[in-house]
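Residues per chain are reported as follows:
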Amino acid sequence: MSSRNGIHGLLTKARTHATDMMGRMWSGQFMDSMLRPGSPFKKGYTDTPRNRSYVIMNNVLYHLHPVKVKRHGVKLSYTLCLGGLSFFLFILLTVTGIFLMFYYAPTAERAYIDVQALSTDIAFGSLMRNMHRWGAHLMVLTVFLHMSRVFYHGAYKPPREFNWVVGVILLLLTLLLSFTGYLLPWDQLALWAVTVGTNMAGFVPVIGAQVKFALLGGVEVTAGTLLRWYVLHVLFLPFIIVIFLAVHFWRVRKDGGISGPL
Amino acid sequence: MPEIPEELLRRSAEAKAKALGLPVEQVLAEMRGEAPVAEVPAESVDVPRPTFVPSPPPPSVPEIPPEPQPPDPASAPPPAITAVAETPPAAAEGPAPAVEEPAPAAPEVPDNGAGNGRLAATVSVRPSVPPAGVPEGVRHQRLLTVVKARAIQQVKADPTDKVNTWPHLMIAEFTALLAMTAFLLVLSTILQAPLLEAANFNATPNPSKAPWYFLGLQEMLSYFDPQIAGVTVPTVIGIVGFMMIPYIDRNPSTRPSDRKLAIMLFTIFLAGSATLTILGVLFRGPGFNFAYPWVDGVFFDDLKDWVDFGGH
């Protein structure tokens, strides 16, 4: 009798405790702890200049954006959002790329079949692959256009010289990322486009042959090249580009934010 | 008592002598404790070496000639007091407040040219007795140096027309992000990414084309020697040259009317690379010979579904 009472009491206590905890979580404490002061998702948010500052200042976004920006920089016609869109495409490519990685093995036997399966059998596989491919082309384009925009605004001039250099490195890394991804479907298009591309690298004076050998992991495209480019594509180059992106964004802010109007 | 290296003491003495307009040797001797200092308190005369203990307020701050006020007060912020040392209470342990900091802010703050040429005032303070009449335990504050605010850090920002990032910028960015997602989703639903037959080392497709962003290079390879077109041009001009742009272009202006040459050169580069790429993508057929896309079809697999002009 007493043991039943004990279990019953324990259960009641546990349930009360759980309900209480859930109540506290959703009624405030959890949300309060998650959202920092000034978040527009917080209860009682009012649109005041102070809260507008807090939205940025008390947020991880503070790493990217200052609390206030120059008015002309907000105009779409000034930046065309090209830098931001390049970064966003990078994120989209990471997300879709991770999806593709679940269904792809970088071996000469599996690669082509896996990509075929992605295009036909796997739920959302075709959409993800298409988004990854078109997104990659688009990113090369937006990065290039971003560079052109920066040039025409003279935004590479002091104090932003070094950030231009970082930007050129980022363009290069974008091209390399796109080019390494080009081989992965392991179809005729991939194989021969990469053959043509790396042949061009072989024309580098003095070290041409060595560069080509290092890129291909041999004298021509092989299954070893596939694995090598896969690792470069999904690990090494993203790792490097994220570092340069961080420096690039940080320098944008440290060099005085967006460049002045013409 | 900490020993102060000779060269530090010497540098400090030189700076102090300069500030006070006294001969260096005299100041040095004072600092070493070899010569009596005019206002050294009685209990500290026998202290042979200077200490790091901040000294009490001086009876007289060395004269700094007042600067003429600049015409535009906004462009020249008033000198900011950047360092204030607190003296310990008179009852503090250790030797009595003695001589001088080892190296008071001696080097003159250079005028960075942005200001109006006002000198940064660097004040070295004469060691002295606490003024009579100050009760024990009262903390004094002493002006160490007066530095022009702009010299170290721009304290006051130039007024600019700014808006809050939230909501003005964030909304624009979020809209652009949604638009891009929508565009990419629609595009990816309509257009299938190309997938040809499995890789075959024994069957070279004709033509073999690089990815589109390298097709400009491939196009150039068909005109020039590979050493020039394939390598020297892209690496030297493309990479090194582009990185060097800010260091080559010394023109400080960003107005388009002031940078006609730069804009012209870049536009030529853009137009040239676009032309070469379009030629390579659309107008090259079997054997990388010229072909008309509306007659012979598009020989670029990434683009076949986009713009199929017929043919093949």
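Keep in mind it's a predicted model, so treat the numbers as computed, not measured.

Cut-offs applied
- Per chain, the residues get numbers from 1 upward, laid out in the order the sequence is written.
- Throughout, the order in which chains and ligands are written sets their labels, letters from A for the former and numbers from 1 for the latter.
- Given that this is a predicted model, residues contribute local features only at a pLDDT of at least 70 and side-chain atom pairs are listed and counted only at 80 or more, while totals for whole chains, interfaces and linings are drawn from all residues.
- Processing note: side-chain calculations cover all non-hydrogen atoms of the structure and skip hydrogens and water entirely.
- Axis geometry follows a simple rule: fit a line to the C-alpha atoms, using only the stretch in contact for helices, then measure angles between N-to-C directions, giving values from 0 to 180 degrees.
- The helix and strand labels rest on DSSP assignments: H or I over at least four residues marks a helix, E over at least two residues marks a strand, and numbering proceeds from the N terminus.
- For this classification, under 35 degrees means roughly parallel, over 145 means roughly antiparallel, 65 to 115 means roughly perpendicular, and everything else is oblique.
- Each crossing is labelled by how the near helix is turned from the far one, with a counterclockwise turn of less than a right angle marking it left-handed and a clockwise turn marking it right-handed.
- By definition in these notes, contact holds between two residues if any of their heavy atoms fall within 4.5 Å.
- Buried surface area refers to the total accessible area, computed with a probe of radius 1.4 Å, that the two partners give up upon joining, counted for both partners together.
- For this document, the term salt bridge refers to a Lys or Arg side-chain nitrogen within 4 Å of an Asp or Glu carboxyl oxygen.
- Between N or O atoms, a polar contact is any pair within 3.5 Å; within protein, one atom must be a potential hydrogen donor and the other a potential acceptor, and residues adjacent in sequence are included only when both atoms are from side chains.
- Surface patches are drawn from residues lacking salt bridges whose relative accessible area is over 30%; two like charges belong together within 9 Å, two nonpolar side chains (Val, Leu, Ile, Met, Phe, Trp, Tyr) within 5 Å.
- A 1.4 Å probe and the Shrake-Rupley method give the accessible areas. Residues count as covered only by the protein chains that appear here.

### Some thoughts on the packing of helix 6 (residues 82–101) of chain A against helix 8 (residues 125–152) of chain A
All names here are of chain A. Following both chains from N to C, one finds helix 6 and helix 8 inclined at 155°, their axes separated by 8 Å at the closest point. Accordingly, the angle class assigned to the pair helix 6 and helix 8 is roughly antiparallel. Relative to helix 8, helix 6 is oriented so that their crossing is left-handed.

### Thoughts on the interface of chain B and chain A
Counting residues at the interface gives 73 residues for chain B, matched by 75 residues for chain A. Taken together, both faces of the contact between chain B and chain A bury some 7,000 Å²; the carbon and sulfur share is 71%. Summed over the shared surface of chain B and chain A, the result is 2 salt bridges. For A:Arg71, the salt bridge identified is with B:Asp161, shortest N-O distance 2.8 Å. Applying the counting criterion to the chain B and chain A interface returns 34 residue pairs in polar contact (both at pLDDT 80 or more).

### Comments concerning a nonpolar patch on the surface
Residues A:Phe162, B:Val240, B:Met244, B:Tyr247 and B:Ile248 make up a contiguous nonpolar surface patch of roughly 470 Å² in combined accessible area. Residue placement: B:Ile248 occurs in helix 6 (residues 226–248).

### Quick word on the environment of A:Ala105
All names here are of chain A. Mapped onto the fold, Ala-105 is located in the loop between helix 6 and helix 7 (111–120). Through-space distance from the C-alpha of Ala-105 to that of Val-115 is 9.3 Å; in sequence the pair is 10 residues apart. Residues within four places of Ala-105 in sequence aside, it is in contact with Arg-110, Ala-111 and Asp-114.

### Digging into unusual backbone geometry
Cis rather than trans, the peptide bond between A:Pro158 and A:Pro159 has omega equal to 5°. Structurally, A:Pro159 can be placed in the loop between helix 8 and helix 9 (161–183). Following B:Asn206, the chain continues to B:Pro207 via a peptide bond in cis, the omega torsion being 0°. Summarising the element assignment, B:Pro207 is placed in the loop between helix 4 (165–190) and helix 5 (212–221). Backbone geometry at A:Cys81 places phi at a positive 60°, although glycine is not the residue there. Backbone geometry at A:Trp186 places phi at a positive 60°, although glycine is not the residue there. By the element assignment, A:Trp186 lies in the loop between helix 9 and helix 10 (188–201).

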